[in-house]
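A look at the structure
Listed below, chain by chain, are the residues.
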Amino acid sequence: MPPATNTEVHGVPDPPAHLVGDGMAVPCLDGSERPYVNLDFAASTSALTTVADAVTAFIPSYASVHRGAGFRSRVSTTAYESARATALAFCGARSTDDIAILCRNTTEAINHLAYRLRLDPGDVVLTTVVEHHANLLPWARQCRRRFVECGREGVFDLDDVTAALDQTPTPRLLAVTGASNVSGWLPPIDDIMAAAHARGVPVLVDAAQLAPHRPLPRLADYLAWSGHKMYAPFGAGILVGPRATFADGDPFLAGGGAVDLVDLDEVDWTDPPDREEAGSPNVVGAVALQSAIAELEQIGWPAVTSHDDTLARRLRAGLAAIDGVALLGPDPSVDTLPLATFTVDGVSHALVAARLSAEHGIGVRHGCFCAHPYLMRLLGLSAEEISAYRQAVRTGDRRQVPGAVRASAGINTAIADIDRFLAAVAVIASGQPGSVAYEQDPDTGDYWPQGDHPGWTNADRAVGASCARG
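Now for a look at the structure at hand. (Residues numbered from 1 in each chain as written. Predicted model: local features only at pLDDT ≥ 70, side-chain atom pairs only at ≥ 80, totals over all residues. Heavy atoms only, no water.)

1. Quick look at the overall build of the protein
Tallying secondary structure elements over the protein gives 13 helices and 19 strands in all. Here the C-alpha atoms of the protein give a radius of gyration of 23 Å, agreeing with the 23 Å that 2.2 N^0.38 yields for 470 residues. Principal axes of the C-alpha set define a box for the protein whose edges measure 70 × 55 × 45 Å. In the protein, buried positions account for 51% of the 470 residues. Split by element, the accessible area of the protein, about 20100 Å² in all, is 53% carbon and sulfur. Charge separation in the protein, taken as the distance between the mean sites of 35 positive and 55 negative side-chain charges, equals 3 Å. (Helix = DSSP H or I, 4+ residues; strand = E, 2+ residues; numbered from the N terminus. Rg over C-alpha atoms; globule rule 2.2 N^0.38 Å. Buried < 20%, exposed > 50% of the residue type's maximum accessible area, 1.4 Å probe, protein only. Areas by Shrake-Rupley, 256 points an atom, 1.4 Å probe, with all protein chains shown as cover. Lys, Arg positive; Asp, Glu negative; His and termini not counted. Charge placed at Lys NZ, Arg CZ, Asp CG, Glu CD.)

2. Remarks on the packing of aromatic side chains
If you walk through the whole model with that rule in mind, you get eight aromatic pairs. When the centroid spacing of 5.8 Å and the interplanar angle of 55° are considered together, the rings of Y115 and F252 count as tilted. One end of the pair, Y115, is in helix α4 (residues 106-116); the other, F252, is in the loop between β10 (237-242) and β11 (259-263), and 137 residues separate them in sequence. In this structure F252 comes out as partly exposed when scored by relative accessible area, which is 30%. (Phe/Tyr/Trp six-rings, centres within 6.5 Å; stacked < 30°, edge-to-face > 60°.)

3. Description of the pairing of strand β14 (residues 339-344)
Of all six residues that make up β14, five are buried, and the element is covered over most of its length. As paired strands, strand β13 (residues 325-328) and β14 are joined by four bridges and run antiparallel to one another. Opposite V325, over in β14, you have V344 as the bridge partner. Two strands pair when backbone bridges link them, and β14 and strand β17 (residues 404-408) are joined in this way by four bridges, in the antiparallel orientation. Bridge assignment links A340 to a residue of β17, and that residue is A407. (Pairing = 2+ DSSP bridges.)

4. Comments concerning the packing of helix α3 (residues 71-90) against helix α8 (residues 283-299)
Their axes nearest at 9 Å, the elements α3 and α8 cross at an angle of 45°. Classified by the angle their axes make, α3 and α8 are oblique. The two elements α3 and α8 meet at a crossing, and its hand is left-handed. Residues S76, A79, Y80, S82, A83, T86, A87 and F90 of α3 lie in contact with α8, whose contacting residues are V283, A286, V287, Q290, I293 and E297. Taken together, the residues of the contact of α3 with α8 sort by class into nine nonpolar, four polar and one charged. (Axes fitted to C-alpha atoms, helices over the stretch in contact; angles between N-to-C directions. Parallel < 35°, antiparallel > 145°, perpendicular 65-115°, else oblique. Left-handed = near helix turned anticlockwise from the far one by under 90°. Contact = heavy atoms within 4.5 Å. Nonpolar A, V, L, I, M, F, W, Y, C, P; charged D, E, K, R; others polar.)

5. Some thoughts on the sheet that holds β17
Ordered by their spatial adjacency, four strands build an open sheet running β13-β14-β17-β16, and the pairing between neighbours is antiparallel. Bordering the open sheet on either side are β13 and β16 (365-367), each of which pairs with just one other strand. Averaged over neighbouring strand pairs, the angle between their axes works out to 30° when direction is ignored. Pairing analysis gives three bridges linking β16 to β17, with the strands arranged antiparallel. Among the inter-strand pairings, H366 is bridged to a residue of β17, identified as V405. In the packing of helix α9 (residues 301-320) onto the sheet, contacts are made with β13, β14 and β17, and the angle to β14 comes to roughly 15°. Against the sheet, helix α10 (residues 349-360) contacts β14, β16 and β17, and its axis sits at roughly 165° relative to β16.

6. A short note on α10
Across its 12 residues, α10 extends 16 Å between first and last C-alpha, which sits within 8% of the 16 Å expected from 1.5 Å per residue. Most of α10 is tucked away, with 11 of its 12 residues classed as buried. By the burial criterion, the buried members of α10 are H349, A350, L351, V352, A353, A354, R355, L356, A358, E359 and H360. One side-chain oxygen of the residue at the start of α10 lies 3.1 Å from the amide nitrogen of A350, identifying that residue as S348. Positive phi shows up at G361, right after α10, with a value of about 70°. (Expected span 1.5 Å × (residues − 1). Polar contact = N/O pair within 3.5 Å; in protein donor to acceptor, adjacent residues only side chain to side chain.)

7. What to know about the environment of P272
Its location among the elements puts P272 in the loop between β12 (266-269) and α8. As for P272 and I99, which are separated by 173 residues in sequence, their C-alpha atoms are 7.7 Å apart. Beyond its immediate chain neighbours, meaning those up to four positions away, P272 contacts I99, R243, F246 and A247.

8. Some thoughts on empty space enclosed by the protein
For the coordinates displayed, the defined rule picks out two cavities of 30 Å³ or more. A class-by-class count of the residues in the lining of the largest cavity yields five nonpolar, three polar and one charged. One number sums up the size of the second largest cavity: a volume of about 30 Å³. Along its surface, the second largest cavity is lined by F41, A42, Q209, H213, L337, P338, L339, S408 and A409. Looking at the lining of the second largest cavity residue by residue, the class counts come to six nonpolar, three polar and no charged. (1 Å grid on protein atoms, 1.4 Å probe; cavity = no way out; pocket = protein on both sides within 12 Å on 5 of 7 lines; lining within 4 Å. Points joined across faces, edges and corners; volume = space filled by probe spheres on them.)

9. Digging into the environment of L311
Checked against the element boundaries, L311 lands in helix α9. When neighbours within four sequence positions are excluded, L311 is seen to be in contact with P338, A409, G410, T413, A414, I415 and I418.

10. As for the nonpolar core
Judged by nonpolar contacts, the single largest core of 74 residues is most densely connected at L174, L223, W225, M230, L375 and I411. At 10 residues, α8 tops the list of elements feeding residues into this core. Sequence-distant contacts of I411, defined by excluding residues within four places in its chain, comprise P15, P16, A17, L19, L48, Y231, L296, I299, V304 and H307. By size, the runner-up hydrophobic cluster in this structure holds 27 residues, among which are L315, L327, A340 and V352. (Core = buried A, V, L, I, M, F, W, Y, C linked by side-chain atoms within 4.5 Å.)

11. Some details on the side chain of H366
In this fold, H366 is placed in strand β16. On the basis of relative accessibility, which here comes to 4%, the residue H366 falls in the buried class. Within the structure, the side chain of H366 is placed 3.0 Å from the side chain of H349, a separation counted as a polar contact. Looking at H366, its side chain comes within polar contact range of the side chain of D446, at 3.0 Å.

12. Re the pattern of salt bridges
Under the counting rule described, the total for this entry stands at 18 salt bridges. Across the pair R118 and D250 runs a salt bridge, and its minimum N-O distance is 3.0 Å. Here the residue R118 occupies a position in the loop between α4 and β5 (124-128), and D250 occupies one in the loop between β10 and β11, the gap between them amounting to 132 residues. For D166, the salt bridge goes to R199, with nearest N and O atoms at 2.5 Å. With D166 in the loop between α6 (158-165) and β7 (173-177) and R199 in the loop between α7 (189-198) and β8 (203-206), this residue pair connects regions lying 33 residues apart in the sequence. Residue classification places D166 among the partly exposed residues on the basis of a relative accessible area of 48%. Residue class for R199 comes out partly exposed when judged on its relative accessible area of 33%. (Salt bridge = Lys/Arg side-chain N within 4 Å of Asp/Glu carboxyl O.)

Here it is in structure tokens:
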């Protein structure tokens, strides 16, 4: 007899798509293997099966693009430029003067824009304390920053933004997230853009979290997003903006493909977008991104959004109902992405994540999620507490680095996955000890189960940075 569907068991539709790796079994400390529950979509996603198929089909034709006369080069160039056109169309109805620049990810896209805007040290970029580091750090290198603050629940309103816009000097740019990667909160982005445009301020929307869940905001002057967060983890990202921004001056990256003519002491840069894509581009990543966009559009935003909303309600309300668990961010009644960040009383965020993985086969993220200022506010930490943590880190001790646990769902997540996760969190929050002892690494702050369990021996332990860094 085939397994019951999600609709039959829970009265809600099945997930709208499948991903590569669905059903993969992972070892747990009790000696069993459990189907892996991936709740780390806000960090990176697995590939849609259609995306993996498209990449596999393209690989035999792969060749260098733009400058090759061979048949495969022509096929690759066509595929690459088709992906660029698809990315522009994915943004909705935009000016015909806009271009799409293919890069690695959202971080590179925003760094690229920060360089190409030719900001002066006295210029101001308005951003918010809710942002990912990718939308905080690049601006600090170029100019001054002004911040929109958030309240205790991690949100701000339109009045907060307009008050910051109306301060002098007028910002050169408003750089704002379309969706928080920590709380899943969706700022009122259309109203925010309208307020900025009414004051003559262009807007960059960091759409890294938004792109796989909602239509992109059509009125943004600049958009940046990543393939690896929207089921195309092959290293491509997108920066969209007016051609005029990139028409003059030297590009962010200098090298082959960005030029018309080079002498030893002179260069003629070519036209954008090619001017902005020096070096051999990631054609495979572009093909993957185009396939992901096509699949999302085939599924349709109503189906994606309905699935997201069902998961978000179950996830956030379920966590809020567990004794000893503190849900960070907006009240569960507020619409968010299917994402929740929380702490467990008396248990380190790193240990919660380790136990979910080793004992239950559930993958989550822990730490500060590359959004330290925002998380410090959600945790309610004082300046003195943050200073003490910073001093410990500077001595190489990361055991007490503040943080939280984040569970984030995606297009293939089922209600049963959420329920399995909530049951596991309830066990940990109840005070029930783990089946084995865990050892904390002072250099990383991460925990590892002690013993010689298959898949969890010291030899299996990965060498690298702490999960909590960022």
